[in-house]
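Chain by chain, the residues run as shown.
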Amino acid sequence: MSVPAATLAGRDRQGSNVLDNVLTADVPLGPFAGKPITVHSATSKNAKFHATRSCSMLRAREVVTAEVPLNAETTGRMCAQCGRWSGWARSGTGLGIFLRALGGVGLLYQLRTYTEPDQDENWTDDEVRAAAALLRSAPEADSEDEEPGEEDAQAREDAEHLRGRVRATWRGAAKSLHLAEAVLSLYDWLGEWAEPALAAKRQYLEVLRTQAALFVPESGLLEAAAVGSLKKPELPSEETAFAALGNRAEVTKALESLWSDWQHRASGSCDPADERWRVVYGITGRLRSNRKGYDQLCSAVDELVVSWEGLARAAVEAAGVERTRQVTVRLAEAVDDSSAGYERGFLADLDEWCTGVLVTYLVDADWGRRALTLDVPRLVVDRLLASRSLFTECGLRSPEHVESRKSAVRLTPGVFDDTPVFDRLPIHADHLRALNAAPVRGDELCLGFSPGAGTEVLPLSTLATRVAAGWNGTVIARASDLPGSVIEPWIEEIGPRPTEGERIWPPAVHDPYDPRFGADLGHADGARMTAWLGYDDRFKQYDLRCLAMARGAGDLRTLDSGHDREGRRRTVSSPVWHGLLASAEYLDLQPFRAPGTDRWRDGSGIPLGVLADVQVYTTDADPGWQRKGHSPFCQHARERGVQKDDDLLRVADLLARSDFDWCSKCHGYAIRRFTDTQLSYYRAAHQLHDIAEELRRDSDKPLRTDGELLAERLTALTDWHPEGEDYWNAPESWRWREIVRELRTRLATRRQTS
């Protein structure tokens, strides 16, 4: 249901501007009728409704904000400029998705396009037939009184240009029909209203398909299908005509490359002979034309390729051309990628042979579901079934099978956040496709619920995979659904980003009694990093919402949903990863190590307690591999955050093992940021360790800290408990109290002897 950004510009194919496609009173609203929307208007009785207060058409000094029901009267008063892109509801709600599917370049636009020939593409059937006949004919002989083949070459160039225009228009019309039917499959109450426009689109699409088929020689399709099934013949490496390519081994390698190149090119073409000169030039173009044996090499290579073409024709004659089976193929989804300067997905990714097969053998189509039924010869059946990657699905299926798949799930209020959680409906693949048509930055995470797994934080792509596998559940909330009454005060608490010249990364603090000690490991600093490291302050709220949602994930590796189409990580941005994880350089585990004789390296044996299960992420924790473990922030790991194939450890594992092989630059890992309880314990443990180190000093030397102050600190640590709780009942609490008692005894002894 997505449309390339290139479609947004200019005027549509009916001559009317894209911006004229505004929601009107005649459009059926179905179950969304009466749903409340927020509007802004002047104070006059019949003033136009605006979606935002910043609309340039809203020039009144006094603006009234109100909530009105969505109905014919409301749509009749909508500002045309605001109505073009349907910003009347949040994009993640069912109503927002519905309105977005209608406006802009959605359904209303698609129903107005590709219903008849455009003024700029007014070719006739006779012109198409003449161009197709010219391209199938042999080039005319050169005349004596003009440049060789100049007139014929220009005519052929014009014919090829027309062929390209016809094919491109057919692809555009098919995609437009797909986008329209995909929307209508989700909102079936629009079907009767939209049917006249759909009928016109289907009729025009069939005209374009018939014209495109005239440029496709069926014999060429069959030969190309046979090319893919040919086994590599014996290559004439010993012939002297190929000596210009080098020694015997070099000739063999060059001819094998020639065969692979020819088979690849010829099998993807509507006429394998058209690819001959490209294949021949691929092996001869690297040599100088004045080289000895060059002309003989060119002739030999050309004859070799012609002999391979003969093998393909012989395979076609042996197979026959009877149309024996019907095949159903499924096209790739249309891609909405504004960063791409060209069309992607759907029909655009198919090679010339696949396109020729579709326009030649198509007998039935469900464009909304991207399922096409072809009536094809056996050779084409074999090629399609053997190369299933040509389409997302391919199989011998009856038209009835396609009909059975037309029962799309409706997108009604209750699927997303239009209703209370108790009334939510199960989510299906069609719902997610509709949602993905209008993605929101930083909103790729959701809180899902299913009876089997309970509540989980999941990327939408992971949710889509589960739904396709039969997952039965619903979406409780997405990141954008988190209440602003909680998020906005959080943003104010974080404060603005430091001005230029001020530090973003806080300086290291080593004094355990400093209020900032350990803060760079905690949640609060993580939120500041997320807010301050973003590229633009406009994305601060998006990233913080994503951070708040991601903190609920039990395993951060589940947040990895791979790469987007441009090769970038998606779901969780780099600022969010810094909010979730802290660098290992800030973690000091010395208080928790076993005591010993070296007071500079040994610890105090303090139990890890609530820190034992803190998660540690590294690229590799296995010392058996001949590589070092890196932090997800390390430049050797491309600073890409956590991936699903990373290793997960606990802080307890860091103390239990000494065989890790860590990167010296990044210390090998990053830890999940501490909760307030964990940070409170970390600080208390370092304070206790600091006292223990003080008392381990030589008894004949005076204490650096006043004994009375040490006694007060030990008293405070005796009664320590996690912040926000009245007591501490951890299993290791007995060991904590034992250490405190030992230190109190040691302190009393030192004070008596001093």
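One structure accompanies this document, and this report is about it. (Residues numbered from 1 in each chain as written. Predicted model: local features only at pLDDT ≥ 70, side-chain atom pairs only at ≥ 80, totals over all residues. Heavy atoms only, no water.)

## Comments concerning the overall build of the chain
Stage number 1. Summing up its helical and strand segments, the chain has 24 helices and 13 strands in all.
Stage number 2. Burial analysis of the chain (754 residues in total) assigns 48% to the buried set.
Stage number 3. Contacts in the chain between residues far apart in sequence, at least 24 positions, make up 74% of those at least 6 positions apart.
Stage number 4. When the accessible area of the chain is evaluated, it comes to approximately 37800 Å², of which 48% is carbon and sulfur surface. (Helix = DSSP H or I, 4+ residues; strand = E, 2+ residues; numbered from the N terminus. Buried < 20%, exposed > 50% of the residue type's maximum accessible area, 1.4 Å probe, protein only. Contact = heavy atoms within 4.5 Å. Areas by Shrake-Rupley, 256 points an atom, 1.4 Å probe, with all protein chains shown as cover.)

## So, helix α17 (residues 484-494)
Stage number 1. Buried within α17 we find Ile487, Trp490, Ile491 and Ile494. The buried residues of α17 occupy one face: seen down the axis, they fall within an arc of 100°. The exposed set on the far side of α17, more than 90 degrees from its buried face, consists of Ser485, Glu492 and Glu493.
Stage number 2. Those residues of α17 that are buried are in contact with α18 (523-533) and α19 (540-550).
Stage number 3. Once α17 ends, the next one or two residues include Gly495, with phi positive near 85°. (Arc of directions from axis to C-beta.)

## Quick word on the packing of helix α8 (residues 218-229) against helix α11 (residues 294-319)
Stage number 1. At a minimum axis separation of 8 Å, α8 and α11 run at an interaxial angle of 105°. Relative to α11, the element α8 lies roughly perpendicular. Residue-level contacts link Leu222, Glu223, Ala226 and Val227 of α8 to Ala312, Arg313, Ala315 and Val316 of α11. (Axes fitted to C-alpha atoms, helices over the stretch in contact; angles between N-to-C directions. Parallel < 35°, antiparallel > 145°, perpendicular 65-115°, else oblique.)

## Focus: unusual backbone geometry
Stage number 1. Here the phi dihedral of Arg370 falls at roughly 65°; this positive angle occurs in a residue that is not glycine.
Stage number 2. By secondary structure assignment, the location of Arg370 is in the loop between β4 (362-366) and β5 (371-377).
Stage number 3. Judged by relative accessible area, which is 11%, Arg370 ranks as buried.

## Considerations on helix α23 (residues 707-718)
Stage number 1. End to end, α23 covers 16 Å across 12 residues, agreeing with the expected 16 Å (1.5 Å per residue, within 8%).
Stage number 2. By the burial criterion, the buried members of α23 are Gly707, Leu710, Leu714 and Leu717. Across the axial projection of α23, the buried residues extend over an arc of 80°, all falling on one side.
Stage number 3. Summarising the contacts, the buried residues of α23 are in contact with α22 (676-695) and α24 (733-753). (Expected span 1.5 Å × (residues − 1).)

## Description of the pattern of salt bridges
Stage number 1. Tallying each qualifying case throughout the model produces 25 salt bridges.
Stage number 2. With its nearest N and O atoms 4.0 Å apart, the salt bridge here joins Arg265 to Glu275. Of this pair, Arg265 sits in helix α9 (residues 248-267) while Glu275 sits in the loop between α9 and α10 (276-284); the two residues are 10 residues apart in sequence, bridging distant segments of the chain.
Stage number 3. Accessibility expressed as a relative area gives 33% for Arg265, which makes it partly exposed.
Stage number 4. If you follow the salt bridges from partner to partner, you end up with Asp261, Arg265, Glu275 and Arg278 in one network. (Salt bridge = Lys/Arg side-chain N within 4 Å of Asp/Glu carboxyl O.)

## Side note on the sheet that holds strand β13 (residues 670-672)
Stage number 1. One open sheet holds the four strands; their spatial order is β10-β13-β11-β12, and the pairing between them is antiparallel. In the strand order of this sheet, the two ends are held by β10 (581-583) and β12 (647-650), each with one partner. Pairs of neighbouring strands in the sheet enclose a mean axial angle of 35°, with direction left out of account. (Pairing = 2+ DSSP bridges.)

## Overview of the sheet that holds strand β9 (residues 474-478)
Stage number 1. The strand order β8-β7-β9 describes an open sheet built from three strands, whose pairing is antiparallel. The open sheet has two free edges, formed respectively by β8 (454-459) and β9, since each of these has just one partner strand. For this sheet, the mean inter-axis angle between neighbouring strands, taken without regard to orientation, is 30°.
Stage number 2. Pairing of strand β7 (residues 445-450) with β9 involves four bridges; the strand directions are antiparallel. When the sheet's bridge partners are listed, Gly448 is paired in β9 with Val475.
Stage number 3. Across the sheet, helix α16 (residues 460-468) touches β7, β8 and β9, and the angle it forms with β8 is around 120°.

## Structural notes on the state of the cysteines
Stage number 1. Following the criterion strictly, the structure yields zero disulfides and no others.
Stage number 2. Free cysteine: Cys634, not disulfide-bonded; nearest cysteine sulfur from Cys666 at 3.7 Å.
Stage number 3. Looking at Cys634, the relative accessible area reads 4%, which means it is buried. (Disulfide = S-S within 2.5 Å.)

## Let's talk about the side chain of Asp525
Stage number 1. Locating Asp525 in the fold gives a position in helix α18.
Stage number 2. The class for Asp525 is buried, based on a relative accessible area of 4%.
Stage number 3. Side chain to side chain, Asp525 and Arg516 meet in a polar contact 3.0 Å long. (Polar contact = N/O pair within 3.5 Å; in protein donor to acceptor, adjacent residues only side chain to side chain.)

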